[in-house]
Amino acid sequence: MKVSVGVVVSLSSLLLFGGVASSSIAEGKTSLSMQAKEKAIAHQEKGSTFDDEGNFAAAIEEFKKSLEYDSEEPNTLFNLGVVYLKTNKPSEAEKIFEKLSKILPNDSEVFNLLGIARSGAEKKQEAIEAWERSLALQPDQQKVKDMITEIKTVASNSAK
């Protein structure tokens, strides 16, 4: 099995960024019915439990069920995207983090993970763009700067 540089970057970066929703992602929506919100939260909690247990397929299903009740819930989207990265599904993760970047356009962590997903999907220039957006929001991220340098170095060496 061939492991691309993007996948290695993805897995190591998941450790860097934790794989759990940050407090800035914890914003909720108030327009949902209380019953829908409760169902969404119940599925989200089940998904998180499955994720913690390493049962990623079940976690994905629970997060998707949660999104049926609240399709723009930031915590659920974040956690689903992270599980997609953990299961080497960068294209699916990219779609989730793109959606989340529109919901939370000022969250540097979302752009970091979008960059990781794009890198894993072999979209190196787009990964760099996502990481540069993250750095514009929070300039003091040395590990993000290092990932940009690494991806540029690999691209430069491949071109030779």
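Conventions used here
- Residues numbered from 1 in each chain as written.
- Predicted model: local features only at pLDDT ≥ 70, side-chain atom pairs only at ≥ 80, totals over all residues.
- Heavy atoms only, no water.
- Helix = DSSP H or I, 4+ residues; strand = E, 2+ residues; numbered from the N terminus.
- Buried < 20%, exposed > 50% of the residue type's maximum accessible area, 1.4 Å probe, protein only.
- Contact = heavy atoms within 4.5 Å.
- Areas by Shrake-Rupley, 256 points an atom, 1.4 Å probe, with all protein chains shown as cover.
- Expected span 1.5 Å × (residues − 1).
- Axes fitted to C-alpha atoms, helices over the stretch in contact; angles between N-to-C directions.
- Parallel < 35°, antiparallel > 145°, perpendicular 65-115°, else oblique.
- Left-handed = near helix turned anticlockwise from the far one by under 90°.
- Core = buried A, V, L, I, M, F, W, Y, C linked by side-chain atoms within 4.5 Å.
- Phe/Tyr/Trp six-rings, centres within 6.5 Å; stacked < 30°, edge-to-face > 60°.
- Lys NZ or Arg CZ within 6 Å of the ring centre and 35° of its normal.
- pLDDT = per-residue confidence, 0-100.
- Salt bridge = Lys/Arg side-chain N within 4 Å of Asp/Glu carboxyl O.

(A) Region of interest: the overall build of the protein. What the protein contains, in helices and strands, is 8 helices and 0 strands. In the protein, the succession of α and β elements from N to C terminus is α-α-α-α-α-α-α-α. A burial count over the protein gives 45% of its 160 residues as buried. Within the protein, contacts between residues at least 6 apart in sequence are counted, and of these 56% link residues at least 24 apart. Per element, the accessible surface of the protein, about 8,400 Å² overall, is 53% carbon and sulfur.

(B) Up close: helix α3 (residues 56-69). Under the 1.5 Å per step criterion, the end-to-end length of α3 is 20 Å for 14 residues, consistent within 8% with the ideal 20 Å. Those residues of α3 that sit buried are Ala 58, Ala 59, Ile 60, Glu 62, Phe 63, Ser 66 and Leu 67. Those residues of α3 that are buried lie in contact with α2 (34-53) and α4 (74-86).

(C) Broad picture of the packing of helix α5 (residues 90-103) against helix α6 (residues 108-120). The geometry of α5 relative to α6 is characterised by a closest axis approach of 8 Å and an angle of 155 degrees between their N-to-C directions. With respect to their mutual orientation, α5 and α6 come out roughly antiparallel. Our pair here, α5 against α6, has a crossing hand that is left-handed. When α5 is examined against α6, the residues Pro 90, Ala 93, Glu 94, Phe 97, Glu 98, Leu 100 and Ser 101 are found in contact with a partner set consisting of Val 110, Phe 111, Leu 113, Leu 114, Ala 117, Arg 118 and Gly 120.

(D) Structural detail: the nonpolar core. By size, the foremost hydrophobic cluster in this structure holds 31 residues, and its most contacted members are Leu 80, Leu 85, Phe 97, Leu 100, Leu 113 and Trp 131. Elements with a contribution of two residues or more to this core: α3, α4, α5, α6, α7 (124-137) and α8 (142-159). Those residues in contact with Phe 97 that sit more than four places away from it in its chain are Phe 78, Gly 81, Val 82, Leu 85, Val 110, Leu 113, Leu 114 and Ala 117.

(E) Structural detail: the packing of aromatic side chains. Under the defined criterion, the tally for this structure stands at 1 aromatic pair. For the pair Phe 78 and Phe 97, a centre-to-centre distance of 6.3 Å together with 80 degrees between the ring planes defines the contact as edge-to-face. Of this pair, Phe 78 sits in helix α4 while Phe 97 sits in helix α5, and the two are 19 residues apart along the sequence. The same class applies to Phe 78 as to Phe 97, namely buried. The positively charged end of Arg 133 is found above the aromatic ring belonging to Phe 111, 5.1 Å away from the centroid.

(F) Spatial organisation of the confidence of the model for the protein. In this model, the protein carries an average pLDDT of 85, and 80% of its residues clear a pLDDT of 70 or more. When the criterion is pLDDT under 50, residues 1-13 qualifies, and its contacts beyond four places in sequence or with other chains add up to 21 contacts. Of the regions scoring below 50 in pLDDT, residues 22-29 engages in 18 contacts with residues more than four places distant in sequence or in other chains.

(G) Spotlight on the pattern of salt bridges. For the structure shown, the criterion picks out 6 salt bridges. For Lys 86, the salt bridge identified is with Asp 51, shortest N-O distance 2.8 Å. Taken as a pair, Lys 86 in helix α4 and Asp 51 in helix α2 lie far apart in primary sequence, 35 residues in all. A relative accessible area of 32% means that Lys 86 is categorised as partly exposed. Exposure remark for Asp 51: the relative accessible area of 9% places this residue in the buried category. Salt bridges sharing common partners tie together Glu 94, Glu 98, Arg 118 and Lys 123.

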